[in-house]
Amino acid sequence: MASLLGVSLLARAAITADVMALTMYVVLGLDMSYAAAGGVAAALTAGVALGGPLLGRMIDWRGLRPVLLVTVVLQVVFWLSVPILPYGILLGAAFAAGLLMVPAQPVTRQAIAAMTTAGQRRAAFALESVQGELSYIVGPAVVILCAAKMSPDVVTWGVGATIAAGGAGIALLNPPLRAEDEADAGAAGRPPRREWLGAGMIAVLTMAFGATTLLSGVDLAIVATLEEANQMSWAAVVVAVFGVASVAGGLIYGALPRPLPTWLLLGLLGLVTIPAGLAHDWPWLCVAVVGAGLLTAPALSTVADAVSRLAPASVRGEATGLQSSAQSAGFALGSPIVGVAIDVSVPAGGFAAAGLAGLAAALAGCLLSRRSPARTRSPLSDLGRAGAPDLEPCGAGARPAHEVRARADGRAAPVRVPHIGCECDHDCGLPAQQRIGASATPC
């Protein structure tokens, strides 16, 4: 696990810096406007958003290594050719590169779901969220520093080489994407999307979108606030404080004995973001963003954990790809939404808009979660039909969940059955991998 997280951090840091590298190249190398640079960045981001589910589905179908090798080769070709491409062709090439971006983040999440037990998974996803925060702190900062010392061409080559090295490293490690008890999931065939892409999964994707909409909006609101105060040179310090607080929050949340609902964490994140607009200079802004930072990694980790639980093993690649697409869309739309709020009001309006976006997504996720079915159909779902043993549901009466009675031939005898779509804390009498129900919900 440690080696995978290390190699994945290398790839993710470069991937988070790719937009900055292209921006620097268009502005400094091609001597064009920031609007032109934004067009290339938008093309790359759109490709990433659309390519996530496609690559995930290909991983489910063909396996990890073939997909990684194809994406690594394409990234090498794209980044080597960036300095010789005219702007018009660069737009299309950036979209293609985003469409086939090395899927470091989704693969890491799939591997965590496969390599951890249910009790370890929350802490592992919290650590993965911390890794993501570190990549956002390190990647763009390194690109900006290198752009001040080197030519934009060299910077783009360096970013491309790092992405390719990270993808090749993950391919070399070839981490398992399915647990041992899920090894035969592919042979059973892919379940129809309507069976797993229901209200519960849509709720999680909605909250993933809302979380990154909020985060990208906060970044812009920080810049706008400091620009109004003529303190732009302190923006890096405020962003670093935000990132460090998020890392601390992820580590603390991973050590907690019990998880919190995703909608609750996201709602709290939205609430503590709104008053950050009351700060008008960099010291107070550093203090104001600590609360939001502490909740960022926990909120993102619960999203990843929920996706891994709701998606059957045979479609987990596609599901994690959808999560990445939702988050990419949030990052792409958050800045324009908050930018409009800042333009029509004051920088504090940017924090308010970002916080309200998070609250709206949390409310939508909560309502959709309540609409999701309490039980997941499984091979044991037919036990209650005529001619089959009559089983009491989990939590019936005052007895433990595994002490159910099967009435057959007029005699009652206690039997043990796996939980059906349940994630109770009490002992079921069976190992976790034998419990049935991909999209578990509490009793």
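Residues numbered from 1 in each chain as written. Predicted model: local features only at pLDDT ≥ 70, side-chain atom pairs only at ≥ 80, totals over all residues. Heavy atoms only, no water.

Regarding the overall build of the protein chain
In terms of regular secondary structure, the protein chain is built from 15 helices and 4 strands. A separation threshold of at least 6 residues defines the contact pool for the protein chain, and within that pool the share at least 24 residues apart is 78%. Accessible area for the protein chain stands at about 20,000 Å²; split by element, carbon and sulfur atoms hold 67% of it. (Helix = DSSP H or I, 4+ residues; strand = E, 2+ residues; numbered from the N terminus. Contact = heavy atoms within 4.5 Å. Areas by Shrake-Rupley, 256 points an atom, 1.4 Å probe, with all protein chains shown as cover.)

Observations regarding the pattern of salt bridges
Scanning all chains against the criterion turns up 4 salt bridges. In this structure, E318 engages R57 in a salt bridge whose closest nitrogen and oxygen atoms are separated by 3.1 Å. Linking E318 in helix α14 (residues 316-344) with R57 in helix α3 (residues 34-62), this pair joins segments that are 261 residues apart in sequence. Using a relative accessible area of 4% as the deciding quantity, one classes E318 as buried. With a closest N to O distance of 3.2 Å, D305 and R309 form a salt bridge. With a gap of 4 residues between them, D305 and R309 both fall in helix α13 (residues 282-310), about one helical turn apart. Judged by relative accessible area, which is 9%, D305 ranks as buried. (Salt bridge = Lys/Arg side-chain N within 4 Å of Asp/Glu carboxyl O. Buried < 20%, exposed > 50% of the residue type's maximum accessible area, 1.4 Å probe, protein only.)

Some points on the UniProt feature "transmembrane region" (unreviewed entry) in the protein chain
Under the UniProt annotation, "transmembrane region" (unreviewed entry) lies at residues 32-51, 87-104, 154-175, 196-226, 232-253, 260-276 and 348-368. Measuring from the first to the last C-alpha atom of residues 260-276 gives 24 Å, for a span that is 71% helix and 0% strand. From the first C-alpha to the last, residues 348-368 spans 30 Å; its make-up is 100% helix and 0% strand. (UniProt positions renumbered as here; feature names shortened; annotations may be inferred.)

Describing the nonpolar core
Grouped together as the largest cluster of nonpolar side chains are 43 residues, with contacts concentrated most on L22, V26, F78, W79, V82, L90 and I163. Element by element, the count of residues in this core is highest for α3, at 7 residues. In this structure, W79 is in contact with D18, A21, L22, T156, W157, V159, G160 and I163, ignoring residues within four places of it in sequence. With 33 residues, the next largest nonpolar core counts A235, L285, A299 and I342 among its residues. (Core = buried A, V, L, I, M, F, W, Y, C linked by side-chain atoms within 4.5 Å.)

Here's the deal with the confidence of the model for the protein chain
Chain-level statistics for the protein chain give a pLDDT mean of 78 and a share of 81% at 70 or above. When pLDDT is averaged over each helix and strand of the protein chain, the minimum, 38, is found for strand β1 (residues 404-408) and the maximum, 94, for helix α12 (residues 262-273). This model gives residues 374-443 a pLDDT under 50, and the stretch forms 98 contacts once residues within four places in sequence are excluded. (pLDDT = per-residue confidence, 0-100.)

Points about the packing of aromatic side chains
Counted under the stated rule, the structure contains 2 aromatic pairs. An angle of 80° between the planes, with centres 5.0 Å apart, marks the rings of F78 and W79 as edge-to-face. In this structure, F78 and W79 share a single accessibility class: buried. Ring centres 3.9 Å apart and planes at 5° place the aromatic pair W234 and W282 in the stacked group. (Phe/Tyr/Trp six-rings, centres within 6.5 Å; stacked < 30°, edge-to-face > 60°.)

Overview of a nonpolar patch on the surface
Side chains of V76, L80, M150, V154 and W157 sit close together on the surface and give an oily, nonpolar patch of about 430 Å² of accessible area. Elements supplying a minimum of two residues to the nonpolar patch: α4 (64-81) and α8 (152-173). Within the fold, V154 resides in helix α8. V154 sits in the partly exposed class, given a relative accessible area of 35%. (Patch = residues over 30% accessible without salt bridge, like charges linked within 9 Å, V, L, I, M, F, W, Y side chains within 5 Å.)

Describing α12
Given a rise of 1.5 Å per residue, 12 residues ought to cover 16 Å, and the 17 Å separating the end C-alpha atoms of α12 matches this to within 8%. Buried within α12 we find T262, L265, L266, G267, L269, G270 and T273. Contact partners of the buried residues in α12: α10 (199-228), α11 (235-255), α13 and α15 (347-371). (Expected span 1.5 Å × (residues − 1).)

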